[in-house]
Amino acid sequence: MIRKARIDDVKAIHSLLLLTKEHDGLVLPRSFSQLYSHLRDFFVVVEGDEVIGCCALNIIWDNLAEIRSLVVLPEHRGKKLGRKLVEACLSEAVTLGIYEVYTLTEQTGFFAHLGFVEEGMEKLNQKVFIDCMNCPRFPDHCNEVAMVLNL
Ligand SMILES: CC(C)(COP(=O)(O)OP(=O)(O)OC[C@H]1O[C@@H](n2cnc3c(N)ncnc32)[C@H](O)[C@@H]1OP(=O)(O)O)[C@@H](O)C(=O)NCCC(=O)NCCS
């Protein structure tokens, strides 16, 4: 089941992002402080009592939001949960009146499958770079590509 995250999901989301950094190095871990502040950005997928995936929609500007912190536990991948999490975020973007969504990712095949197209970073709102400046991988260890979807 996919639903909006609740306060008692934060520890599980924190672990998911940390686990994925250790195992794949593909998403940035988030501090508890960041997760509590941005809890309303998150959707989770739960099986029983367990949070097995998460994804966040981060509003950047008047018509731009970012899909980030997307993870599905390795043993649950390939079951369209990643797609459903992204689609939940896209649907929320439309509800909010936001029609351009981007992501910074190494998973270009997955996002291309969902209709995202590669875009030059310089085409995105300058606020995107604030996150880059604060990222431990910036600039020499970043392999991420900007991908955009117009809704
Ligand atoms: C990326 C990730 C979330 C995908 O989750 P998933 O639940 O396995 O993906 P889904 O099963 O929903 O796949 C959706 C579609 O994308 C396709 N797909 C999945 N991964 C793909 C890839 N790497 N390349 C191309 N297509 C891919 C699937 O075949 C599926 O196609 P279909 O709907 O036509 O059958 C998961 O692999 C993951 O957690 N990876 C590690 C963290 C990560 O890289 N996050 C992204 C950070 S931006």
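Cut-off values and rules
Starting from 1, residues in each chain are numbered consecutively following that chain's sequence as written. Local features in this predicted model are restricted to residues of pLDDT 70 or higher, and side-chain atom pairs are both shown and tallied only at a pLDDT of 80 or more, whereas totals for entire chains, interfaces and linings draw on every residue. Note that the side-chain values use all heavy atoms of the structure and ignore hydrogens as well as water. Think of it this way: any DSSP run of H or I at least four residues long counts as a helix, any run of E at least two long counts as a strand, and we number them from the N terminus. Buried means the residue's accessible area, taken with a 1.4 Å probe over protein chains only, is under 20% of the maximum for its type, while exposed means over 50%, and partly exposed covers the values in between. Throughout, near means a residue has at least one heavy atom within 4 Å of the molecule or strand. The term polar contact refers here to a pair of N or O atoms within 3.5 Å; inside protein, the definition further demands a hydrogen-donor-capable atom paired with an acceptor-capable atom, and it admits residues adjacent in sequence only when both atoms are side-chain atoms. Here the Shrake-Rupley method, with its probe set to 1.4 Å, supplies the accessible areas, and only the displayed protein chains count as covering residues. In this count, Pro and Cys sit with the nonpolar residues alongside Ala, Val, Leu, Ile, Met, Phe, Trp and Tyr, while Asp, Glu, Lys and Arg are called charged and the others, Gly among them, polar.

The chain goes by Putative enzyme in an unreviewed UniProt entry, where it is assigned to Pseudodesulfovibrio profundus.

Q: Help me understand the side chain of Arg-137, please; the structure alone is not making it clear to me.
A: Its place among the elements puts Arg-137 in the loop between helix H5 (128-133) and strand S7 (145-150). The class for Arg-137 is buried, based on a relative accessible area of 16%.

Q: Looking at this structure, I do not really get the site of the ligand. What am I missing?
A: Close to the ligand lie 21 residues, the nearest being Leu-70, Gly-78, Lys-80, Arg-83 and His-113. Between the ligand and Val-72 there is a distance of 2.9 Å, counted from an oxygen atom to a backbone nitrogen or oxygen. Arg-83 places a main-chain nitrogen or oxygen 2.8 Å from an oxygen atom of the ligand. Contact with the protein chains hides 77% of the accessible area of the ligand, taken as 940 Å² for the molecule alone. At the level of elements, strand S4 (64-72), helix H3 (81-96), strand S5 (100-105) and helix H4 (108-113) are the ones that each hand at least two residues to the shell around the ligand. In terms of residue class, the shell around the ligand is built from nine nonpolar, seven polar and five charged.

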